[in-house]
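Inside the fold
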Amino acid sequence: MGEVLEKTGLEKGKLRASLTVEASVLLPVALFIIVGGINLGYDLFQQAKDSAAIEEELEQLNPVEIVRKNTMIQELKK
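Before going into details, it helps to say that this report is about the structure given with it. (Residues numbered from 1 in each chain as written. Predicted model: local features only at pLDDT ≥ 70, side-chain atom pairs only at ≥ 80, totals over all residues. Heavy atoms only, no water.)

Considerations on the overall build of the chain
Summing up its helical and strand segments, the chain has two helices and zero strands in all. Expressed as a percentage of the 78 residues in the chain, the buried residues total 0%. Accessible surface, the chain: about 7600 Å² in total, of which carbon and sulfur atoms supply 66%. (Helix = DSSP H or I, 4+ residues; strand = E, 2+ residues; numbered from the N terminus. Buried < 20%, exposed > 50% of the residue type's maximum accessible area, 1.4 Å probe, protein only. Areas by Shrake-Rupley, 256 points an atom, 1.4 Å probe, with all protein chains shown as cover.)

And the structure:
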């Protein structure tokens, strides 16, 4: 009877050790995926923010007025 108890205790120890080894492999992978997702989201946010700033600048730009000014300057140079 003592052998049976010792054997199951030894198997429990091996099971705990195998779970520890598996966790030591899976935890960095999970953290890598989570941090990578956060980093990707932050990069996409920065791109959207830059794109919105460029769009606002383009809305304020008046190309007709720029052409008129350039044409007037060229006419004055002649």
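Observations regarding a negative patch on the surface
Judged by side-chain charge, E55, E56, E57 and E59 come together as a negatively charged surface patch. Structurally, E55 is set in helix 1 (residues 2–60). A residue is classified by how much of its surface remains accessible, and E55, at 47% relative accessible area, is partly exposed. (Patch = residues over 30% accessible without salt bridge, like charges linked within 9 Å, V, L, I, M, F, W, Y side chains within 5 Å. Salt bridge = Lys/Arg side-chain N within 4 Å of Asp/Glu carboxyl O. Lys, Arg positive; Asp, Glu negative; His and termini not counted. Charge placed at Lys NZ, Arg CZ, Asp CG, Glu CD.)

Focus: a nonpolar patch on the surface
Taken together, the side chains of L27, L31, I34, V35 and I38 define a hydrophobic patch exposed on the protein surface, amounting to about 500 Å² of accessible area. The residue V35 is located in helix 1 in this model.

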